[in-house]
Amino acid sequence: KHTEFEPLIIRGSAIERQAQWNSDNKFIIANYDILTRDWNFMPKEWDSIVCDEVVYLKSHSATRTKLVKKLKANRKIGLSGMPIEINLMEFHSIMDWIRPEVIPSYGRFKYRYIVFGWNGKPERYENLNELHLLTSPFVLRRTKEEVLKELPPKIYNDVPLDLGKEGTKAYDAIKKEFLAWLREQTGHNWQKNALDKMIRMRQFVEFPEIVGFKIPSIKLDWLEDVYNSTEKLIVFCCYRDSIEFLKKHFKTEYIIHGDIPTEDRVGIVDKFNAQSKAIMLCTDAGRFGLNMTGADNIVHFGLPFNPATVLQREDRAHRFGQRKIVNVITPLINNTVDIGI
């Protein structure tokens, strides 16, 4: 779009992709997910590799990370608006691909810079000035304020809602069951299981029907009022079931979730951006690499625990090309897990 380069985008059937990988084109664009499918016939040595949204390489154990690290290149560049989402080991995984020679090995890195708590999770970090000296020559950091001075502000609106008598009774039943289970737990593994058990409460505050309660969704009633009073909305949910309920209610074709092929998502967003009145429904599969500047209202219908994920959602609209003030609206049901998150 911005240069004279004519890149080749890897797509199509396996036979078509194999021919594309073997072409003489100097510039190739491919999705991370293609690596697992095309590994046996794609080139393994390159002059340069640029990994956009390099946070995709945050996990040492992920298949895509292992495959990318097997590729050889004279130059490696990682791009990300959020290089660390949860803990410092994500930064290690990314740097281990970009410049592995400048940082300690996996085990030494953990020992040198991270203090772990009794549950095996990072409790705090140490020797960070040393780590900064090691890695800062290879990190070019720019804030939005520095490079997008014309970008409009974001305005946050948290909207408190009440479940009502029937909803409160149902939610309290789920909570009581969860607390009874929690009191019986011992050992070091209870925390992970507790988060799994909490899913029912999180699903309930999005749509009670997901967990079997035939009562209206307070958030849906609120969202309908918001949609009727605004031109366009981008709505993020935590669960695919919520997307299906909203899709049926609003009769929208603008949907992005994990089962929507990556190559189709940009087209869906482009169509959405071109509408004068529309609603886009996304799970967190829509938080990377999409430009939704055709809308200026974002709704966090369901909140994730990770604040980095929240920011990535919002920045689908708050980015280059946005000319309007972006309104970030979060409905929060009082006395529920919404408030806790």
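Along each chain, numbering runs from 1 in the same order as the chain's sequence is written. Where totals are concerned, whole chains, interfaces and linings use all residues; where local detail is concerned, this predicted model gives features only for residues with pLDDT of at least 70, and gives and counts side-chain atom pairs only at 80 or more. The side-chain numbers reported here are obtained from all heavy atoms of the structure, hydrogens and water having been left aside.

A. Seen up close, the pairing of strand 11 (residues 297-300). Here's how the labels work: a residue is buried when its accessible area is under 20% of the maximum for its type, exposed when over 50%, partly exposed in between, all with a 1.4 Å probe on protein chains only. Secondary structure follows DSSP: runs of H or I at least 4 residues long count as helices, runs of E at least 2 residues long count as strands, and numbering of each begins at the N terminus. Of the two faces of strand 11, the one holding Asn297 and Val299 and the one holding Ile298 and His300 are both buried throughout. Pairing between strands requires that DSSP locate at least two bridges from one strand to the other. Here strand 8 (residues 232-236) pairs with strand 11 via three bridges, running parallel. Looking at the pairing, Val235 lines up with Val299 of strand 11. Strand direction decides the pairing type here: strand 11 and strand 12 (residues 326-333), joined by three bridges, are parallel. Its bridge partner being in strand 12, Ile298 is matched across the sheet by Val328.

B. Structural view of the pattern of salt bridges. One speaks of a salt bridge when a side-chain nitrogen belonging to Lys or Arg is within 4 Å of a carboxyl oxygen belonging to Asp or Glu. Tallying each qualifying case throughout the model produces 16 salt bridges. Across the salt bridge formed by Arg287 and Glu85, the nearest N and O atoms sit 3.4 Å from each other. Taken together, the positions of Arg287 in the loop between strand 10 (278-282) and strand 11 and Glu85 in the loop between strand 4 (72-78) and helix 4 (88-98) put the pair 202 residues apart, joining distant regions of the chain. Given the relative accessible area of 14%, Arg287 is considered buried. For Glu85, a relative accessible area of 9% corresponds to the buried category.

C. Layout of the packing of aromatic side chains. Side-chain rings of Phe, Tyr and Trp, where Trp is taken by its six-membered ring, are said to pair if the distance between their centres is within 6.5 Å; with planes under 30 degrees apart they count as stacked, over 60 as edge-to-face, and otherwise as tilted. For the structure shown, the criterion picks out 12 aromatic pairs. With a centroid separation of 5.1 Å and an interplanar angle of 45°, the aromatic rings of Tyr32 and Tyr56 are classed as tilted. Of the two residues, Tyr32 is situated in the loop between strand 2 (28-29) and helix 2 (34-38) and Tyr56 in the loop between strand 3 (45-51) and helix 3 (63-70); the sequence distance between them amounts to 24 residues. Residues Tyr254 and Phe272 carry aromatic rings whose centres are separated by 5.8 Å and whose planes lie at 65° to one another, so their mutual orientation is edge-to-face. You can see Tyr254 sitting in the loop between helix 12 (240-250) and strand 9 (255-256) and its partner Phe272 sitting in helix 13 (residues 262-274), a full 18 residues away along the chain. In this structure, Tyr254 and Phe272 share a single accessibility class: buried. One aromatic cluster in this structure is built from Tyr32, Tyr56 and Phe288.

D. Highlighting the state of the cysteines. Any pair of cysteine sulfurs within 2.5 Å is marked as a disulfide. According to the stated counting rule, one finds zero disulfides in the structure shown. Free of any disulfide, Cys237 has its nearest cysteine sulfur in Cys238, 7.6 Å distant. The class of Cys237 is buried, set by a relative accessible area of 0%.

E. Spotlight on the environment of Lys58. By secondary structure assignment, the location of Lys58 is in the loop between strand 3 and helix 3. Separated by 31 residues in the primary sequence, Lys58 and Met89 have C-alpha atoms spaced 7.7 Å apart. Contact criterion: two residues are considered in contact whenever any of their non-hydrogen atoms come within 4.5 Å of each other. When sequence neighbours within four positions are dropped, the list of residues in contact with Lys58 reads Thr65, Glu85, Met89, Glu90, Ser93 and Ile94. Polar side-chain contacts of Lys58 include one of 2.6 Å to the side chain of Glu85. Here a polar contact is taken to be a pair of N or O atoms separated by no more than 3.5 Å, where protein atoms must pair a possible hydrogen donor with a possible acceptor and residues adjacent in sequence count only if both atoms sit in side chains.

F. Spatial organisation of the side chain of His257. Within the secondary structure layout, His257 lies in the loop between strand 9 and helix 13. Setting aside anything within four residues of it in sequence, one finds His257 in contact with Arg240, Ile243, Glu244, Arg265, Thr283 and Ala285.

G. Representation of helix 13 within the structure. Taken as a whole, helix 13 has its buried residues at Arg265, Ile268, Val269 and Phe272. Summarising the axial view, the buried residues of helix 13 lie within an arc of 100°, below the 170-degree limit, and thus occupy one face. Counted as exposed and oriented over 90 degrees from the buried face of helix 13: Glu263, Lys271 and Ala274. Against strand 8, strand 9 and strand 10 lie the buried residues of helix 13. To be clear, the arc concerns the directions from the helix axis to the C-beta atoms.

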